[in-house]
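Breakdown of the fold
Chain residues, written in single-letter form:
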Amino acid sequence: TQLLEQSPQFLSIQEGENLTVYCNSSSVFSSLQWYRQEPGEGPVLLVTVVTGGEVKKLKRLTFQFGDARKDSSLHITAAQPGDTGLYLCAGLNNFNKFYFGSGTKLNVKP
Amino acid sequence: DTEVTQTPKHLVMGMTNKKSLKCEQHMGHRAMYWYKQKAKKPPELMFVYSYEKLSINESVPSRFSPECPNSSLLNLHLHALQPEDSALYLCASSSRTGPPYNEQFFGPGTRLTVL
């Protein structure tokens, strides 16, 4: 059972376009992390969102945690080739266990 | 220092070999994790150590044997692996301060190939 579903699974866009990645669940999480992973490397933590409705910005990346703490979104403005990678969300439940989403593979073409 | 280190970076082994993967962190974190990741898939949890004790074993075959010698080190001993065990093995650590502020930090991984 996949607790966290990400969409889309794959995304190929041109440099300069905007995009949104979604992370959805029927379960409530204490917090949610977003990671970016490049091929052959470990995931790098981008942000943690904790409060329902919270919005965090990291340069061109905007992260939002749903009001009910069951879903999250990542929006990238004016994507660049350096944004290419596998984006993973991970939810932390009240028992301190992490659950990873299914992943979104993003390719930004120059 | 927010770094988790893993050695070796790459490992090729035969099905009869015995090898070990090593992971180290100096962030004072008291929880450490082993994950297995196949290409284009999310990481799959294998083991969790909390305060140097094994707290979670996700039904991993006994050919994988974890060890936590101290709070900074985590090993994964490998014996009689199968070709389907070839994957990226990731180590992570977290402060284990409890939800909601617990965050995992990952190492760069060991790319394992079993021939």
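Residues numbered from 1 in each chain as written. Chains lettered and ligands numbered in written order. Predicted model: local features only at pLDDT ≥ 70, side-chain atom pairs only at ≥ 80, totals over all residues. Heavy atoms only, no water.

1. So, unusual backbone geometry
Geometrically, the link from A:Ser7 to A:Pro8 is a cis peptide bond, its omega value of -5° lying close to zero. Tracing the sequence through the fold places A:Pro8 in the loop between β1 (5-7) and β2 (10-14). Geometrically, the link from B:Pro99 to B:Pro100 is a cis peptide bond, its omega value of 0° lying close to zero. Tracing the backbone through its elements, the reader meets B:Pro100 in the loop between β9 (87-94) and β10 (104-106). Not every positive phi belongs to a glycine, and A:Ala78 is a case in point at roughly 50°. Positive phi, close to 55°, is recorded for B:Ser59, a residue that is not glycine. Structurally, the position occupied by B:Ser59 is in the loop between β6 (53-57) and β7 (64-70). On the basis of relative accessibility, which here comes to 72%, the residue B:Ser59 falls in the exposed class. (Helix = DSSP H or I, 4+ residues; strand = E, 2+ residues; numbered from the N terminus. Buried < 20%, exposed > 50% of the residue type's maximum accessible area, 1.4 Å probe, protein only.)

2. Some thoughts on the pairing of strand β5 (residues 44-49) of chain A
Working note: regular strand, side chains alternate between the two faces of the sheet. By the bridge criterion, five bridges tie strand β4 (residues 31-37) of chain A to β5(A) in an arrangement that is antiparallel. Residue pairing across strands places A:Tyr35 opposite A:Leu45, the latter belonging to β5(A). (Pairing = 2+ DSSP bridges.)

3. Structural notes on the pattern of salt bridges
Residue and element names in this part refer to chain A. Evaluation of the coordinates by the stated rule reveals six salt bridges over all chains. Note that arginine 60 and aspartate 83 form a salt bridge whose closest N and O atoms lie 2.9 Å from each other. One end of the pair, arginine 60, is in the loop between β6 (55-58) and β7 (61-65); the other, aspartate 83, is in the loop between β8 (71-76) and β9 (85-92), and 23 residues separate them in sequence. For arginine 60, a relative accessible area of 24% puts it in the partly exposed group. (Salt bridge = Lys/Arg side-chain N within 4 Å of Asp/Glu carboxyl O.)

4. What to know about the environment of B:Leu78
All names here are of chain B. Assignment of secondary structure puts leucine 78 in strand β8 (residues 73-79). Taking the C-alpha atoms as reference points, leucine 78 and lysine 18, 60 residues apart in sequence, are found 5.6 Å from one another. Apart from residues no more than four positions distant in its own chain, leucine 78 is found in contact with Leu11, Met13, Asn17, Lys18, Lys19, Leu21, Arg63, Phe64 and Leu112. (Contact = heavy atoms within 4.5 Å.)

5. Notes on the interface of chain B and chain A
Between chain B and chain A, the contact holds 24 residues from the first and 23 residues from the second. Regarding the contact of chain B and chain A, the summed buried area is about 1900 Å², with carbon and sulfur atoms giving 60% of it. Per-residue buried area on chain B facing chain A is highest for B:Pro99, B:Pro100 and B:Gln104; these three make up 24% of the total on that side. Ionic pairing is found between A:Lys97 and B:Glu58, a salt bridge with its closest N-O pair at 3.0 Å. Seen at the junction of chain B and chain A, the total is eight residue pairs in polar contact (both at pLDDT 80 or more). Contributing elements (two or more residues each) for the side of chain B that touches chain A: β4 (31-37), β9 and β10 of chain B. (Buried area = accessible area lost by both parts, 1.4 Å probe. Polar contact = N/O pair within 3.5 Å; in protein donor to acceptor, adjacent residues only side chain to side chain.)

6. Looking at the pairing of β9(B)
Residues and elements named next belong to chain B. Where burial is concerned, most of β9 is hidden: eight out of the eight residues are buried. Bridge count between β4 and β9: seven bridges; the pairing is antiparallel. Note on β9: the bridge partner recorded for glutamine 37 is leucine 88. Pairing of β9 with strand β11 (residues 110-114), which is carried by three bridges, proceeds in the antiparallel orientation. From the neighbouring strand, leucine 88 faces β11, where its bridge partner is arginine 111. Both β9 and β10 contribute to a ladder of three bridges, which runs antiparallel. Across the sheet, the residue bridging to serine 94 is glutamine 104, located in β10.

7. Topic: the state of the cysteines
Residues and elements named next belong to chain A. One pass over the structure, following the stated rule, counts two disulfides over all chains. Disulfide pairing is shown between cysteine 23 and cysteine 89; the S-S distance is 2.0 Å. With the S-S dihedral at roughly 75°, the linkage between cysteine 23 and cysteine 89 falls on the right-handed side. On the criterion of sequence distance, the pair formed by cysteine 23 in strand β3 (residues 19-24) and cysteine 89 in strand β9 is long-range, its members being 66 residues apart. The pair formed by cysteine 23 and cysteine 89 is uniform in burial state, with each residue classed as buried. (Disulfide = S-S within 2.5 Å.)

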